[in-house]
Amino acid sequence: DLQRGGAVELAYQPGGMVHCVAFSPDGRWLALGEQHGPITLIECATQRVVNGPAVSRTTISGLAFPPAASHLAWCDFGGVAGLWQVGQAPEILVQ
């Protein structure tokens, strides 16, 4: 786990191939960028899937949290980028 630096097996099974991952700086969230556009956000302590929106029609290629972990930036292989306020609907910023 993140506190002890050991491995943790996730109960969540992605629907497609996972192409990128990002941990929030506070260790609370794990974001998975999957094939065909869904982003899955998992709360690390409980492994609860909090949100899983399909924000893109192509594969998610990058994910990043800022230091405050309140947002998640994403981009895809089609040249679309967006910003997602954790817990809110995702917003496409650039196409």
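Read on for an overview of the structure. (Residues numbered from 1 in each chain as written. Predicted model: local features only at pLDDT ≥ 70, side-chain atom pairs only at ≥ 80, totals over all residues. Heavy atoms only, no water.)

**Re the pairing of strand E6 (residues 71-76)**
By the alternation rule, side chains of E6 split into Leu72, Trp74 and Asp76, which are all buried, and His71, Ala73 and Cys75, of which none is buried. By the bridge criterion, four bridges tie strand E5 (residues 60-64) to E6 in an arrangement that is antiparallel. The residue bridging Ile60 from the neighbouring strand is Asp76, located in E6. Connecting E5 to the next strand, E6, in antiparallel fashion are six residues, including Ala69 with a positive phi near 60°. Between the end of E6 and the start of strand E7 (residues 81-85), which pair antiparallel, lie four residues, with Gly79 showing a positive phi angle near 90°. (Buried < 20%, exposed > 50% of the residue type's maximum accessible area, 1.4 Å probe, protein only. Helix = DSSP H or I, 4+ residues; strand = E, 2+ residues; numbered from the N terminus. Pairing = 2+ DSSP bridges.)

**Examining the nonpolar core**
Ile39, Leu41, Leu63, Phe65 and Leu72 are the most contacted members of the largest nonpolar core, which has 15 residues in total. Taken together, the elements giving at least two residues each to this core come down to strand E1 (18-23), strand E2 (29-34), strand E3 (39-43), E5 and E6. (Core = buried A, V, L, I, M, F, W, Y, C linked by side-chain atoms within 4.5 Å.)

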